[in-house]
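Structural overview for review
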Amino acid sequence: EDFEPITEFEKKIRPHLSDAADLSSNSSMNPNCTTLGLIRTSLMNKERSWHGENRYLLFLTENYAALHILHHYLTDALKCVSISGKATHEKILEPFVLFGSSFPKDKEYTQVCRNINQIKICMETGRTVILLNLENLYESLYDVLNQYYIVHGENRYVDLGLQTHRVKCRVHENFKLIMIAEKKTVYSKFPIPLINRLEKHFVLASSVLTEIQKDVLKDIEEWVQMFSTVKDHNSHKSFCEAEAFIGYQRDTAAAVVFQATTLHIDHVKEHIDKEAVLKKSKHLLLQTASPDAVIRLEAVSPADFKDLEHVYTSHQYFDCLSKFLKHHISGTVDSGAMMQVTTHGHLLSSSEVEFIVTGLHTNDGHSIITSNFFLQDYDTELAFSNKIGASFEKRVGERLESLLIVQCESGHLDGDLIACARYRIIDERTKVIEKMKGVENFGKSHVLVIIHLPREAVGTPFVGFQSDPWISAHIDELRETGDDIISLFAANGKSISSLFFSASSQLLSSEEETRHHLNLCKCLHRCIQPAVCKIASAKRSRRGYEQVEILVELIPKDCPIYEIDVSAFHGILVKHIHSLLQQRDQAFPSSDKWALHEACNRNALQHGGTFRNALTRKMDDVIISVFSGVITFIDQFSNLNLIRKDGSCTSVAVFWLAVFNASDVMSFKYGTPINTSINFKDFECKLPFFWIIKEAFDTQWDTAESIVPAGGEISGVNLCDQLCSLVASTPIGQVITAFMQDSHHLYTCYVHDFLKSIHRCNYPSSETMDLEYKVISNALDTLVSSLCADQGTLMRKIAALHTVYSTYKQHITWFGHLMSCFPAILRTLDSTSSNHQGSMVLHLNALQSALKHLEPPLQEKTDEKLCNWLYLVQKCQIIIDTILSLNHHGQESSPFFIAVSRQWHRIRVLQLFVEHLVTKFKDMMPFANRLNLALRGNEPDIFSDKVIMSIKTTLDSMVSQLEKQRNANVQHIRLSCFKFFMQLITHVCFEYGTPKEDLIKNLISMVFSEKEGTQDISTRQISPYKEETHDSIPIVRSFLLQLLLDNSSSSSVLQKYINDYFVNAQKALSAEKIHDLYLLFTHCYEHTCCKTYESKQQCSVSFVEEGLKGLVHHSPHECKGISLEYLKAVAQVRFGLHLAATCLIQEAGCNEPMCILGQDNNIKDSAARLRLLAVIERICTDTTINQIDQVHATGPLMYLLRLLVRRYGMMPLRNVCKKYQWVQPPNLELTTENKEIIDEFVIYGDKYTQIQEQVSKTIYGGMVQQLAIVPKHTPCEAVYWVLAICNVSITAKVRNQQFPPDSIKLLEQTLKTFKVQFPELYELGQAMLSQPKNNPLLLLISNSSETQSILMIVIHTAVVFFAKQKMQMLEPFLAMLNDPVSLTNMYLPTMPD
């Protein structure tokens, strides 16, 4: 165990080495075998070397990382080399580094000659040459690398090859050649003989480190690894070392440690301060770190982050390039600083370089002369060397301190070019310095190489850290920040809103704190265009340009951060934006971590380029989102135009700012969508923020109406007072009340905006639109003045406007519709009075003028004008009818209103006459004129019996006259006159109110009359002819009855005549026909119920309850006969049952397609459905009106069941019965399904039924030798047979039965009858005849009636298509099934546009 092999080996061999040196020291007999020792030994010449001259060296490395380390040791090693051993420390030349040019045009023969000449000079002077990136040159050095020298005297010579030429060159004894190459390049490109000629060493930066340095390296690598433990928030992939330290490679850490050691080594004691080296190594690496990586460190180690943040921000000056240059240039004491800076931002322009340099000065206050070059501007190394060499010589010769800036784009693609340029800069700078040695006060030469690297450059061989003499650093963004650009570390740990200074913020005391505030006004100016682009304004594409112009004008670009005018637009805008940003920060708990979040977002960093740009983009996105919302709100109706500096009214602009400055009025809420709903096409408003004022009044309107005491007519003055007091308490009301300037002008502006926002005008000419608004405005102004009295404040006027408009809203709306038909009338209305005795008559004046244009052109002989007149009357009919039906506030009884109404009624009668007679038959125009003259005299009341009878007489005489003239069309004319008369009664007499009693009596007398000499009642049809005969058999018609019932709700007089009608009808009909009378009355009542429901769109439960009470109180048993009230109750209950059927299906959750088709009355309110069903349940469970036993099955319940089955089928009925037990009758079981199949094909009638019975007997009836029905060769016959077979197959599948083989053969023989003419039907029938158990067509069928019905529908559709393929009507549907591509450009009637 105590055996020491080395000690024992020394004891054995020492006696034999008596002349040898001490083995304990590094001597020629005991060489140093470390990496550095081998390098030094390899560089000795044959005089010093114990074993002779060595081969030239080949150092294999990675990314040329070992070059600077080798260069450092080579200098020390070469100093120990002497010539002839006479001197041990003779001064020699520094090694010359020849880096192969990577300039674009340096691959030619001329550059090879130039490089050979450089090597030749070094060989002759004894200068060691280091070759890199010169693969195309090694063939010319064949003899040199082989050390194939020719000795002549005391000198050595060797041949240098230049293609076919050979050149002799003297080789100095101290000359050494060293090749440094990438390991991958040597393995892949170097020829084997070349590799064999050289002494090879694999050198990395870590291979020359001492043990202490390796310990430091281990700590540094662990520290670097800490930066790569942070994960991207999106991809959850960790950031790599190269993303944290720009240009980081595998041996970068070792190179950093080596560099730090040279700065902190005690050369006397050869002692290394480990802690100092570790700290310095971190600081050197931190120089190449990206700021986002430093921020990310907070997520891993907050303690380390605080220390490094302080160093990074306070001592390394990497916020911008100007601070970095000031620090390093002023701190340089030797010949100048050499700096390499990488950046993710854009390179500097010439003007930006000049701006940066203006802040640079020498220690004695002089300016620094700057030269700026772009590396890619040079095609050859010679041109680049000459340019920078001349620059160095000129500045140094003039004894001026200079700065050479070389910029390179896409450094990750031009790594070799940058390395070549770097060595050329060193060479040219060294030449100039050597020349100026001994000269006092010669100017320093500073060098700055700026390399742009995109973030995608991670993973490339670019080396970011360069050792002495270079100062390596990474400056993410070269340019200095302003007060609108975020400072990198100022954003960390702060929310976005806290970065900005607003007028409401307190001024900070120290300059250090105020330095971190941003100018929100400048940020808003920068965000104007993207904020406007964010606004969706497809219909207002031009408005975006206008918004940008206005905002650029209103928001100053260079507003001082602490001198914002809080009363100006931009100051108020800053206040609102800052408030929204604060609300956003409060909505997100970790809003102060947004900078860290962006640093951990790889996508955001790549899109932004620099970290500062990524933060700025994020901050701008947040600002833009709230800024665009504010713009959207404040620029509704082009509101921003009112605040423009050019030509804006002073009072309007002041009011604009007063409203905008009211925080309670604006009250922007973050996350709440801006409500910009506009009823009509957008327009330019005249009053700022009028929609806020309008909304305030609209909101308080219902409250104001409820406060006004009930009883009597509501006073407009009281309503106006209440509205004023309510709105005055709102924020906008307080602004309006406090604003006293130019109230009349502001009110006029509000009227303009108010009308345009709620009243729609559709005219091609804007002039006509403005004229209509002017007419309406004038009509409103008069009424508003009467309400305002002496109180002419803006608040009072606006309240009065809302009060007046609410009263006459319908009048103004329908006035606008009427004017759209007659725009020319507006010019006449502009000069007439629109009000009469405190009421608006504008619509009536317009109607009077319109009726003049609607006078029939009965004197015209052209049909075109008459047709145009009919079209115009039909177009205006609804408008005029509605105007006449409005509440005219006491004007209904005025002669003016009566005259206008009767004039319109006359035109309607003439319209019907022209439609039915004049446009269809010739020579009818004289009769139309006669009718017009009869109706025109004093505009008689069309509802009177006298007028109707006169029309009746006119028609009768006209037909009689035509009959005497033997007119060929007299029968057609007679029929048209009858239709005209019926339309007259329906759409004129009963449409405009209740007719006069004498007219109703006359109409009933037309229907019912007593036979002469008897008291019997006879019936006849309503007719304008005297000779209309009585019915031979009494018939009760529903025409007049339905009219009376439809109008009975609005007139109690009609109830009496309905009773008379019912009594006369009972007398006229026999006992056998009386049931039809009751059914007729019931149907008419039910039709009236449906019309009432459709008009009101609501289900009145009380209406159905009233019917239930009527069934009980007016039952035939109680009243000894069926009364009119009983029939009305039956109709009400029937109508309720129809609604209940739909509600039951909805509540049962039936989703079958059949159910959807049956939903004709959909009650959306679930509470209303439940109330209705509760009433229907009482009706259906009432035993007094329901009789269900073995003999009888009558009553509302059975009616409901039949209704459900007829509409929806059995399956939905079963679902309803499962949920609602009261629907199922006591003696019926509807919830349990049976296996009986409902044959859906029986709709084809008896012929199908006979064939179906024959098929069933063949399958289930035993041995059938021959069919009783012989099939015919017709399409219908084929359809019947195939459908019958399908029905039997479905039934067998459900019952799990099998077909007898003999029966199948007999049916197959029958199907062969249709094989030639209908092959598809034959194949379908054959498929259905296979055993149901294994039939693929029946695999999905189940016991559910739903699937059975669906399958039958599908089969029926297929059978019809197969049988009727040649039918033209079915061609689109067949194409839809077989070739849908052919329908690409076809539009079927059921398709939407």
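Presented here is a report on the structure given in the accompanying data block. (Residues numbered from 1 in each chain as written. Predicted model: local features only at pLDDT ≥ 70, side-chain atom pairs only at ≥ 80, totals over all residues. Heavy atoms only, no water.)

1. Let's talk about the packing of aromatic side chains
- Per the counting criterion, the structure on display carries 31 aromatic pairs.
- Between Phe683 and Phe690, the ring centres sit 5.9 Å apart and the planes meet at 40°, which makes this aromatic pair tilted.
- Overall, Phe683 belongs to the buried group, its relative accessible area being 11%.
- For Phe690, a relative accessible area of 1% corresponds to the buried category.
- Feature note: the residues Phe569, Phe633, Phe637, Trp656, Phe660, Phe668, Phe683, Phe689, Phe690 and Trp691 constitute an aromatic cluster, connected by ring pairs.
- One residue, Arg602, lies across the ring of Phe239, its end atom 4.5 Å from the ring centre. (Phe/Tyr/Trp six-rings, centres within 6.5 Å; stacked < 30°, edge-to-face > 60°. Buried < 20%, exposed > 50% of the residue type's maximum accessible area, 1.4 Å probe, protein only. Lys NZ or Arg CZ within 6 Å of the ring centre and 35° of its normal.)

2. A closer look at the pattern of salt bridges
- Following the criterion strictly, the structure yields 30 salt bridges and no others.
- With a shortest N-O distance of 2.7 Å, Asp635 and Arg543 are connected by a salt bridge. Highlighted residues: Asp635 in the loop between α25 (611-634) and α26 (650-661) and Arg543 in helix α21 (residues 541-554), separated in sequence by 92 residues.
- Residue Asp721 is joined to Arg796 by a salt bridge in which the shortest nitrogen-to-oxygen separation is 2.0 Å. With Asp721 in helix α29 (residues 716-728) and Arg796 in helix α33 (residues 794-807), this pair connects stretches of sequence that are 75 residues apart.
- A residue is classified by how much of its surface remains accessible, and Asp721, at 34% relative accessible area, is partly exposed.
- One salt-bridge network, in which partners are shared between bridges, spans Asp292, Arg296, Arg455 and Asp476. (Salt bridge = Lys/Arg side-chain N within 4 Å of Asp/Glu carboxyl O. Helix = DSSP H or I, 4+ residues; strand = E, 2+ residues; numbered from the N terminus.)

3. Overview of helix α50 (residues 1166-1181)
- Across its 16 residues, α50 extends 22 Å between first and last C-alpha, which sits within 8% of the 22 Å expected from 1.5 Å per residue.
- Looking at α50, one finds that the buried residues are Ala1168, Arg1169, Leu1172, Leu1173, Val1175, Ile1176, Ile1179 and Cys1180. One face of α50 carries all of its buried residues, which in axial projection span an arc of 165°.
- Where α50 is buried, its residues touch α46 (1101-1113), α48 (1124-1148) and α51 (1196-1208). (Expected span 1.5 Å × (residues − 1). Arc of directions from axis to C-beta. Contact = heavy atoms within 4.5 Å.)

4. Focus: the sheet that holds strand β6 (residues 165-171)
- As summarised here, the arrangement of the three strands in space is β4-β5-β6, forming an open sheet in which the pairing is antiparallel. Of all the strands in the sheet, just β4 (150-152) and β6 have a single pairing partner and so form its edges. Taking the axes of each pair of neighbouring strands and ignoring which way they run, one obtains an average angle of 35° across the sheet.
- Of the strand pairs in this sheet, β4 and strand β5 (residues 155-162) are connected by three bridges, and their pairing is antiparallel. From the neighbouring strand, Ile150 faces β5, where its bridge partner is Tyr157.
- Where helix α4 (residues 109-125) meets the sheet, it contacts β5 and β6, and its direction lies at approximately 25° from that of β6. (Pairing = 2+ DSSP bridges. Axes fitted to C-alpha atoms, helices over the stretch in contact; angles between N-to-C directions.)

5. Let's talk about the pairing of strand β7 (residues 177-182)
- Counting buried positions over the six residues of β7 gives six, a clear majority of the element.
- Burial of β7 is two-sided: the residues Leu177, Met179 and Ala181 facing one way and the residues Ile178, Ile180 and Glu182 facing the other way are all buried.
- Two strands pair when backbone bridges link them, and strand β1 (residues 57-61) and β7 are joined in this way by five bridges, in the parallel orientation. If you follow Thr61 over to β7, its bridge partner there is Glu182.

6. Thoughts on helix α52 (residues 1210-1219)
- The buried count for α52 comes to seven of 10 residues, which makes it a mostly enclosed element.
- Among all positions of α52, only Met1211, Pro1212, Leu1213, Arg1214, Asn1215, Val1216 and Cys1217 are buried.

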